[in-house]
Amino acid sequence: MKTYDAIVIGAGHNGLTNAAYLAKSGLNVVCIEKNDYIGGATVSRNLYKDWFYSNCSYVVSLLRPEIYRDLELARHGLQVTPYGGGTVFMENGDYLGSYPDPEVHWREYARFSRADADAYERYSADTMRQCRFIREFLLRTPPDPASFKPRDLRELAYLGAKFFDMGEQRMYDTIRFWTMSVAEYLDEYFETDVIKCALSGSGIIGTALGIHSPGTAYVLLHHYMGEVDGNMGAWGFARGGTGAVAQALAKSFRSYGGELRTEAGVEQILVKNGKVQGVALSSGEEINAKVVVSNMDVKNTFLRCMDKNDLTEEFYNRVKNFKIRGSSGKVNIALGGMPTFPALPKDSPLLDGDMHFIDSMERMERAYDDWKEGTWSKDPYVDMTIPTVSDPTMAPPGKHFVSCFVQYCPAQIEGRDWTEEERQQFGQTVIDQIGEYSPDFKSLIEHVEIRTPAVIEDEIGITEGNIFHGELTMDQLLFNRPIPGYAQYRGPVGGLYMCGSSTHPGGGIMAAPGCNAAREILFDLRRPDITPVNFGDD
Amino acid sequence: MSKTEVQLDRRKSPFYPRQAELDRLNQWHEWKGYRSADGFWEMDLEYFAQRNSAGVFDLTPMTKYRITGPDALDYLNRLVTRDMTKIKPGRVAYAVWCDDEGQVIDDGTIFHLNEGEYRLCSQERHMSWLQAAAIGMDVRIIDETEDICGLAVQGPTSFSILKNMGLHGVETLKPFDLMALNFHGAELMISRTGFTGDLGYELWISPDSALHLWDTLFEAGKLHHIRAIGTHALELARIEAGFIAAYIDFLPANVTVRSGRSRSPLELGLGWLVDFEKPNFNGRRALIEEKKRGSTWRLVKLDIEGNKEAHHSYIYDNKKGGENIGFITSAAWSPVCKQNIALGTVRTPHGKVGDKLYVEIYYQLEMHWSRVMAQATVVSKPFWDPPRKRVTPPASN
Amino acid sequence: MSDNYDAIIIGAGHNGLVCAAMLGRAGRKVLVVEANDQVGGAAITREFTEGYSVSACAHLLYQLQPAVKKELGLKLDVAAENMATVALSAEGQHLRIQNDRVAGVSEEDAGSYRAFHKRMTRFADLFNTFLNKTPPRLAKDASRSDMLTLVQLGFDIRRLGRTEMQELLRLIGMNIRDEVVERFASPKLRGAISLDAVLGTHLGPRSPNTVLTYLYRLAGAKGQISQPVGGMGAVSELLAKSARHYGVVIRTGMPVKKIVIDGGRVGGVETNSGETFSAPLVVSNADPKSTIMCLVGVKNVETGFTRRIHHIRSNGNAAKLHLALDRLPKIEGIEDHEYANRFVIAPDEGYVERAFNYAKYGESSVKPILEISFPSVSDKSMAPPGKHVMSAIVQYAPSKLRGGWTEDSKSDFLQVVMGTLSEFMPNIESCVLASELLTSADFEKQLHMTGGHWHHGELALDQFLFTRPVGGAQQYAMPVDGLYLCGAGAHPGGGVSGAAGRNAARAILKAEK
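Residues numbered from 1 in each chain as written. Chains lettered and ligands numbered in written order. Predicted model: local features only at pLDDT ≥ 70, side-chain atom pairs only at ≥ 80, totals over all residues. Heavy atoms only, no water.

## Quick look at the overall build of chain A
- In terms of regular secondary structure, chain A is built from 17 helices and 20 strands.
- Over its C-alpha atoms chain A spans a radius of gyration of 22 Å, differing by no more than 12% from the 24 Å that the globule rule assigns to 538 residues.
- Projected onto its principal axes, the C-alpha positions of chain A cover 65 × 60 × 45 Å.
- The buried share among the 538 residues of chain A stands at 67%.
- Restricting to contacts in chain A with at least 6 residues of sequence separation, those with at least 24 account for 72%.
- Accessible surface, chain A as shown: approximately 17800 Å² in total, 49% of it carbon and sulfur.
- Across chain A, 53 positive and 73 negative side-chain charges occur, with their mean positions spaced 6 Å apart. (Helix = DSSP H or I, 4+ residues; strand = E, 2+ residues; numbered from the N terminus. Rg over C-alpha atoms; globule rule 2.2 N^0.38 Å. Buried < 20%, exposed > 50% of the residue type's maximum accessible area, 1.4 Å probe, protein only. Contact = heavy atoms within 4.5 Å. Areas by Shrake-Rupley, 256 points an atom, 1.4 Å probe, with all protein chains shown as cover. Lys, Arg positive; Asp, Glu negative; His and termini not counted. Charge placed at Lys NZ, Arg CZ, Asp CG, Glu CD.)

Here is the structure:
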C-alpha cells in the first residue's frame, strides 16, 4: 500500500493545478484520474482520423494569468491565441457582426442603432467595473460571514472596503447587477433586439436559467472577467485545443515531482475517526494519505465516494440539494472543408469568430422554456466556433473541426433517460439550425460527436455534465459555494478538501479553485503560502 | 433583403482626395473611424502656418448632432452647465456637460443655428446619453456627423482668405458668431470659433461641396500662405491656448471604470461655464455640494523652467519630491511663446495661481536618460492669447 | 384660489393616508388630494353591479403593519380572521392550509411544512423589522444613523445563529420552486406556495428571487389573512377617518396636474382644474414613474436619475375577476361553511411556471392561476340576501399585452378564466349574474398606477431596499428639495401594509429636525 502526503482525485485542470501547487511546496503528491486520459473537461482527443476534438470546453479566457505564469505553463507548452469577432445570423438574411476593431464594431452596431453603438462604450465600462470588482476575489478564499475568526473578519472587511471604494451610486449599480436578469440589464443600454440577443448569450451559457431570470446578469462576468494578455474580456484558442491546458499543467505538476496515475477511479474516500485516511480505488487498491483533495463536483465527492455515516445529515442534505443542472450539450463536428455562409461577405473576418443562429430575445427565452419542460431546445442557442481557422494542429490542412456548444439540453428527457434516437435528434436539431445559414455545411460533415449532459457525465464524471460544477446562482456563490459554512475548500472531515469548480469562484478553465484550495491546504499544514497573489489593478 | 455591409476600412473624409495629393509624410492615425493626418508636409512648419498665416485642419470626424423640437432649449439647458437661454440664434457656445454626480462627460460647442434649432459638436460620441437626456422631452436628435464636413481655418491671415473668397459678411463676425450663406448653391456655415486660441474660423458644408470648398479656399489663400495641417500642429496650438481635450486632460465620466478618475467642471477650471442660477441642470446638486465641500482636484496651467518638455511628469510641492500631488496631462515647448508649458492636474489645496510647484522630468539625449526637478509656476491666463483673436473686423494681412 | 399647508399629499391610497395621518398627528397642516371620488386607491370597495360590492383591487388583508395600527389607534372590524387557504383540486382532493398546518398531504409533508413555516415566519419577522425602516445609504459619508442601521442589519442576521443565518443568506436569492420541490412531495402544496410567492409580480416560481417575494408576503401578519367588514374600502375609510381626526384635509375628485417647482424646490401642486395649493413639502403617493415623468417633469430632475426611473420595471400581471352570483358554485368536497376561506388554483409548481411563460412574451395565460374568495359569505353587506359575490385575482395577464388590451382580448381572457374556474367549480357559469374583469391596464387607467402593478414597481432584489425605487433615492426624499415619495414604489413595496407611508412620514419628520 502506497502512502503519499496528498492525493488529488481527478486530473481536471483544477485538480492538476492543485496538485502542482502542493508538489511545488514539496509534498509528495499523486493525482489520480479514472479515465485513460487527463484533463477531465479540459481535453482534446483524437476521436476521428486526424482530427482533434476539444469535445468539452473549447475556448480559453478565464485561466488566471497569475497561475499561467506561476506554473510556467508557457514553458510547458501552452500557447493561447486570441480570436476575435462573432456573428449572429438573422432570420431575415441580415447578420449582426461583432468586430475586434472598436470602430468597425461601432459602425456595425450603428447600422441598427446609433444610440446602441454609443451605448456599447458605457455598457463595456459598466460591465468591466463589475469584472474588476469580482476579479479581486478570484484568487482569494471567501470569508465565512458566520465566523468570528480574525481571518474571516479581515477578509470580510476587505470585501466591504473594495465594495465601498466603488462609490455610492456604483455600489447601488453593483447590487442591481448581481441580482437582475441579463435581459433587463441589457434593456438599460440597448434598444435593438438582435444586439441584446447577441450579448445575452453570455448570461446563460452553462446555466439552467433563461435570459429573463434574475441573477443572469452576474453570469455575464464568467464570460467577461477573463483575459488574454491583459485584454479583459478577450477569448482565445489554446493551440492544440483546450486539452493543451491540461497537458501543460500536467507537465508542470510532474516537473515538481508529482505523480500522475490514469485509469485509477476512486471507489471510496476512506475516513477513520473523522479524518481521511486515503482512498480506495475501483481496482480494490488502497492509497494512503492524510490529505485528500477532490477535483470532482461535490455530489460525486460526497454522495458517491463517501460513506453517508461519515457525514452529518444536514451536510448530506445540503449536498443533495446543491444544484448542478445539466443545461448544455455539445455537438462536435469534423468537416471536410470550410463551410460557406452566404450572408457574410467573402473573406469576412467574422469567419474567424464565433457564430450564433438565434436572433431575438424571445427565441432565447423560448429555448429555455423547452428545457423547463424537460426537453432540448428545438430552436437552441448554439455557440459555434471553428478553431481550425487559426489552429493548424487540430485537423488536416483544409479540413476543419467545429465545436458547437448548445444551450439548452437537459440531463434527462421528461424525467427519464435519453434514448439513442433522441440523442441523434438533438444533434440533428443543431446541424439543421446551422444548415439554415450554411447550405454546404451538411454535405461537408465527415463525423459528428453528439454529447448530451448524460454522455458527458458518463465519461467525465461531472454531475449532469454541468460546465460550472453547479449553478452560478446567488445561493451558490461566494461564501455560499458550494455549501454555506464549507466555502473555504475544506470538507466536513479532517484532511478532506475540495478543489473543483463546485467551489468558489466556479467553473470555466480558470484554475482558481485549484489554486485557492492549495492555499488552504498549505495553511492547514503550516507550510508557507506559495500560491500567487492577484496581479493587482489592471 | 438588401443590406449595407459594414465598411471594414478606415473612413475617408470628403476632403481626402486633396489631402492625399498634399501628403508627403504618409502619417495617419485613427479618429472616430476616420483617417486623420498627423501631418502633411513638415509638422513643425505646419504649426507655424497656424500662428503666422493660416492652417487648414479637417474637422469632419467631429461628432455633430442636430437638436430640434419644442423642448430643444429646455433640453439643452438641462444638459449643459451654462445658461443656454443667453445664447441667441447666430451664436455659438462652448459648453460642458456632466452626469448626475457632476462629473464631466465631455465638452463641445453648441451652435444656435435658428430659433430652436441647434447643433452640438463634440470630439466624442454621445447619442446614448443624449437620448437618455431626451426621455420625457419633445426633442429630436439626429447624428449628422457624416452629413456635414468641416474645415478649421485658423491663423492671422484666415480672415483675409475668407474675404478673398467673397464670403460677404464675414467681417462682421465677432468671436463665437456664426452665419450661413450660399456657396455656389450649397449652404456654407461659418463660425468664428476654433481650437487654436487665435483668429480663426470654422467652415461647415455638405460633403457634396467639400472639394469645391477646399479648392476655392486654397485658391483664395494662395497669396496668404494657406497650408493644410495635421493633428500634431493643432495639438501644440491647443495646449498654448490652454484648451483641454477628452482622453488627454480628462476622461469622459461615462467610460471611467475606476472610481475617482473622472473630473468635475470645477476641477477642470471650467467653473465659469457653470451657472448655479439656473434652476436645474445635470450635476447641479452635486456641484453645489462640491462647491460647499471643496474640490479634490484642480487643473493647472504650468509655466515650467528650462526647456525639457514635461510629458507624463509627476508634480510635487517641493523640490525634494516625496509624495506627488498630481501629474502632467499635456506638455509642450511653445515655439511662439518660447516657454516650456504644460497642463496638469493637482490635488487641492495645491495649484493656486502663483504657486510654485515642481515637476519631475525625465528626458533622453543620445540614449542617455536624465532627470530634472523643474520649478513650475501656476499661471491663470492662456499661454497664447493675442489681441487679434478678439478684434472685429479683424485686420487684413 | 391658493391655500397654504405644511404638506400636500398626492393620492389618498392607503400609504398616502397613513403618511397624512402620521404627519397630522405630529401637528402638521396636511392636505391630501385624490384624483378619484373615493379614497383608498387600490384599497377600495365598489359596487360593480347593482347590489353587489367587492374589494375592487386588493381583496384580502394580510400585511397591515402592527405599528401602523398601534400608532394611529386603528380598530378594524373583521368579517373573517385567519382565513384558511384551500388549494383546489379538480378531483376534490383539496389541501387546507392554515398557519403551520396543512391537511390533505402525507404526514411527512405536513411535518416538513411545519418546519418550513416556522423558519419562513422567523425570517419574515426579521425581514419585517427592515420593512419598517428607512433603508440606509451606502456611502463612506453616510450618516451615523445609516451606519447604525447597517450594523443593526448585520447584527440581526448574525443573531439568527450560524445555521439559520447561512440558510437565510442562501434562501434570499433563491427561487421558490427549488425550495418547495426540495421539501414537499405534494404537488398542490408546492403549487399553493408558488402562487403565494408570485402573486402580484412578473416572476414565475423558477425565477430566482421568489423566496424574497414569499417572505414579503409573510411579513407583517405571518401570512394570516383576514377580510375586513365592508371590504378593503373600509380599511381606507378608517385611515381617512384617522387622518381627519388629526386635522388632515382630504379632497377627492381632484387630479393633480403638476407639482409646482421653483428654483429646484417644490412649492405646491396645481390641479387639473387649475387650482393651486402651496406647501413647502409635497409627498407623492403616486408611483415613482408617474411622479417624476408626469407630475414633476423631467426637466426638473437630472438625466441619470430620469434614466433610472425610466427603467423601473412595473409590468403588472394581476387581473381581477368579480362575479355576482345567484348562489355559491358547487365545489366537490367543500362544505358550505368552508366558502369563507381563501381558495387558490395552482395545482402544481409547473402549472404556475407555465402560466408565467405566456407573460414573458406579452400573452395572457392559457391556464391562469387564481386566488379566490367569496366575501359575501362572511360579510352580508357585500351582496343582496341569499346572493353572493366572488372576487378573484387572476394571473398572468400582462399590462403590455401583445396587441394591447381590447374588448376582444378581454372577453377572450374572461372565457379562459371561466374555463379554468369551471374545472374546479363545474356549475360556476350557471351561477353568474354579472361579471367584471379588470386587467392591469384597467388598473393603470383607474388607479393611475404605471403598468397597473401592485407594487408600483416589480418587487425584485434589484429593486429592493437600497435600490427602491432607485439607488440614491431610497430614503423617500426625491432629488427635488421638499419632494417625497410615500407609495408602494418606495421601500418596502406594495400590499396594504402602510409601511411605505409610515416610513416616509418618519423620514420627513426626521429631516425637519
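## Overview of the interface of chain A and chain C
- If you look at the interface, chain A gives 45 residues, while chain C gives 41 residues.
- Across the interface of chain A and chain C, roughly 3900 Å² is buried in total on both sides, 50% from carbon and sulfur atoms.
- When the buried surface of chain A facing chain C is broken down by residue, Phe164, Tyr172 and Lys372 of chain A rank first, second and third, together holding 15% of it.
- The tally of links between chain A and chain C comes to 15 salt bridges.
- Across the salt bridge formed by Glu167 of chain C and Arg318 of chain A, the nearest N and O atoms sit 2.8 Å from each other.
- Applying the counting rule to chain A against chain C returns 27 residue pairs in polar contact (both at pLDDT 80 or more).
- Sorting the residues of the side of chain A that touches chain C by element identifies helix H5 (150–164), helix H6 (168–179), helix H7 (182–187), helix H12 (313–321) and helix H13 (361–372) of chain A as the ones contributing at least two each.
- Ranked by residue count, the leading element in the side of chain A that touches chain C is H6 of chain A, at eight residues.
- Split by residue class, the side of chain A that touches chain C holds 18 nonpolar, seven polar and 20 charged. (Buried area = accessible area lost by both parts, 1.4 Å probe. Salt bridge = Lys/Arg side-chain N within 4 Å of Asp/Glu carboxyl O. Polar contact = N/O pair within 3.5 Å; in protein donor to acceptor, adjacent residues only side chain to side chain. Nonpolar A, V, L, I, M, F, W, Y, C, P; charged D, E, K, R; others polar.)

## Topic: the packing of aromatic side chains
All names here are of chain A.
- Taken as a whole and assessed by the stated rule, the structure comprises 52 aromatic pairs over all chains.
- Ring geometry for Trp178 against Tyr218: centres 4.7 Å apart, planes inclined by 45 degrees, an arrangement best described as tilted. With Trp178 in helix H6 and Tyr218 in helix H9 (residues 216–224), this residue pair connects regions lying 40 residues apart in the sequence.
- Judged by its relative accessible area of 14%, Trp178 is buried.
- In this structure Tyr218 comes out as buried when scored by relative accessible area, which is 4%. (Phe/Tyr/Trp six-rings, centres within 6.5 Å; stacked < 30°, edge-to-face > 60°.)

## Some points on unusual backbone geometry
- The residue after Thr348 of chain B, namely Pro349 of chain B, is reached through a cis peptide bond having omega 5 degrees.
- Structurally, Pro349 of chain B is set in the loop between strand S17 (339–347) and strand S18 (356–365).
- At the junction of His491 of chain C and Pro492 of chain C, the peptide bond is cis and its omega measures out at 0 degrees in the coordinates.
- Relative to the helices and strands, Pro492 of chain C resides in the loop between strand S21 (483–485) and helix H17 (499–512).
- The residue Asn26 of chain B is not glycine, and still its phi comes out positive at about 55 degrees.
- For Asn26 of chain B, the location among the structural elements is in the loop between helix H1 (16–22) and strand S1 (27–31).

## Some points on the domain arrangement of chain C
Residue and element names in this part refer to chain C.
- When its domains are assigned, chain C resolves into domain 1 (2–43 + 65–75 + 232–313 + 449–512), domain 2 (101–218) and domain 3 (314–447).
- On a C-alpha basis, the centroid separation for the pair domain 2 and domain 3 is 27 Å.
- For the pair domain 2 and domain 3, the two sides together bury roughly 1500 Å², of which 61% comes from carbon and sulfur.
- On the domain 2 side of the contact with domain 3, Leu195, Leu199 and His202 bury the most area, a combined 37% of that side's loss.
- Taken together, the links from domain 2 to domain 3 amount to three salt bridges.
- Of the charged contacts in the structure, one is a salt bridge between Arg217 and Glu371, with a shortest N-O distance of 3.0 Å.
- Mapped by element, the contributors of at least two residues to the side of domain 2 that touches domain 3 are helix H6 (176–183) and helix H7 (187–198).
- In terms of residues, the side of domain 2 that touches domain 3 owes the most to one element, H7, which gives nine residues. (Domains from an automatic or database assignment.)

## A few points about the pairing of S17 of chain B
All names here are of chain B.
- Among the nine residues in S17, eight count as buried, and that is most of the element.
- Where strand S14 (residues 297–304) and S17 come together, eight bridges link them in antiparallel fashion. If you follow Leu299 over to S17, its bridge partner there is Thr345.
- Bridging between strand S16 (residues 326–334) and S17 involves eight bridges; their strand directions are antiparallel. (Pairing = 2+ DSSP bridges.)

## Some points on the sheet that holds strand S3 (residues 30–33) of chain C
Residues and elements named next belong to chain C.
- The five strands are arranged S11-S3-S2-S15-S21 in an open sheet whose pairing can be described as parallel. A single partner strand is all that each edge strand has here, and the edge strands are strand S11 (249–251) and S21. Adjacent strand axes in the sheet meet at a mean angle of 20 degrees, parallel and antiparallel pairs treated alike.
- The pairing of strand S2 (residues 7–10) with S3 spans four bridges and is classified as parallel. Bridging across to S3, Ile10 finds its partner in Val33.
- Here helix H10 (residues 288–296) sits on the sheet in contact with S2, strand S15 (282–284) and S21, set at roughly 150 degrees to S21. (Axes fitted to C-alpha atoms, helices over the stretch in contact; angles between N-to-C directions.)

## As for the state of the cysteines
- For the structure shown, the criterion picks out zero disulfides over all chains.
- Cysteine Cys131 of chain A is unpaired, with the sulfur of Cys515 of chain A as its nearest cysteine sulfur at 20 Å.
- There is no disulfide at Cys486 of chain C, and the cysteine sulfur nearest it, in Cys19 of chain C, is 4.5 Å away. (Disulfide = S-S within 2.5 Å.)

## Re the confidence of the model for chain C
- A residue-level look at chain C finds 100% of positions with pLDDT of 70 or above and a mean pLDDT of 95.
- Taken over the whole predicted complex, pTM reads 0.96, whereas the ipTM for its chain interfaces reads 0.94. (pLDDT = per-residue confidence, 0-100.)

## Some thoughts on the pairing of strand S8 (residues 140–143) of chain B
All names here are of chain B.
- Where burial is concerned, the two faces of S8 differ: the one with Ile141 and Asp143 is buried and the one with Arg140 and Ile142 is not.
- As paired elements, strand S4 (residues 63–68) and S8 share four bridges and run antiparallel to each other. Bridged to Arg66 within S8 is Ile142.

## Some words on the side chain of Thr174 of chain A
- Among the secondary structure elements, Thr174 of chain A is positioned in helix H6.
- A distance of 2.6 Å separates the side chain of Thr174 of chain A from the backbone oxygen of Arg170 of chain A, its partner in a polar contact.

## Structural notes on the nonpolar core
- Core analysis: the biggest nonpolar cluster contains 205 residues, and Leu22 and Leu78 of chain A together with Leu321, Ile369, Ile372, Met390 and Leu421 of chain C have the highest contact counts within it.
- Here this core takes 10 residues from helix H4 (residues 114–138) of chain A, the largest share from any one element.
- For Met390 of chain C, the contacting residues outside a window of four places in its chain are Val54, Leu321, His322, Leu323, Leu325, Ile372, Ser373, Phe374, Pro375, Leu421 and Ile428 of chain C.
- Core analysis: the second largest hydrophobic core is formed by 67 residues, Ile250, Val282, Tyr476 and Ala507 of chain C among them. (Core = buried A, V, L, I, M, F, W, Y, C linked by side-chain atoms within 4.5 Å.)

## What to know about helix H8 (residues 210–218) of chain C
Residue and element names in this part refer to chain C.
- Among the nine residues that make up H8, nine are buried, leaving the element largely enclosed by the rest of the structure.
- All buried positions along H8 are accounted for by Thr210, Val211, Leu212, Thr213, Tyr214, Leu215, Tyr216, Arg217 and Leu218.
- As for H8, its buried residues are in contact with helix H3 (107–131), helix H5 (162–171), H6, H7, strand S17 (342–345) and strand S18 (369–373).
- Positioned one or two residues after H8, Gly220 has a phi angle of 100 degrees, which is positive.

## A look at the packing of H4 of chain A against H5 of chain A
Residues and elements named next belong to chain A.
- Interhelical geometry of H4 versus H5 gives an angle of 165 degrees and a closest axis separation of 11 Å. When the interaxial angle is binned, H4 and H5 end up roughly antiparallel. H5 is crossed by H4, and the crossing has right-handed handedness. Contacts between H4 and H5 involve Phe133, Glu136 and Phe137 from the first element and Tyr158, Leu159, Lys162 and Phe163 from the second.
- When its residues are assigned to classes, the contact of H4 with H5 shows five nonpolar, no polar and two charged. (Parallel < 35°, antiparallel > 145°, perpendicular 65-115°, else oblique. Left-handed = near helix turned anticlockwise from the far one by under 90°.)

## Concerning the packing of helix H1 (residues 13–24) of chain A against helix H10 (residues 243–255) of chain A
Residues and elements named next belong to chain A.
- Packing of H1 against H10 leaves a shortest axis separation of 8 Å and a crossing angle of 20 degrees. Taken together, the axis directions place H1 and H10 in an arrangement best described as roughly parallel. For the element pair H1 and H10, the recorded crossing hand is left-handed. Contacts between H1 and H10 involve His13, Leu16, Thr17, Ala19, Ala20 and Ala23 from the former and Ala246, Leu249, Ala250, Ser252 and Phe253 from the latter.
- Counted by class, the contact of H1 with H10 contains eight nonpolar, three polar and no charged residues.

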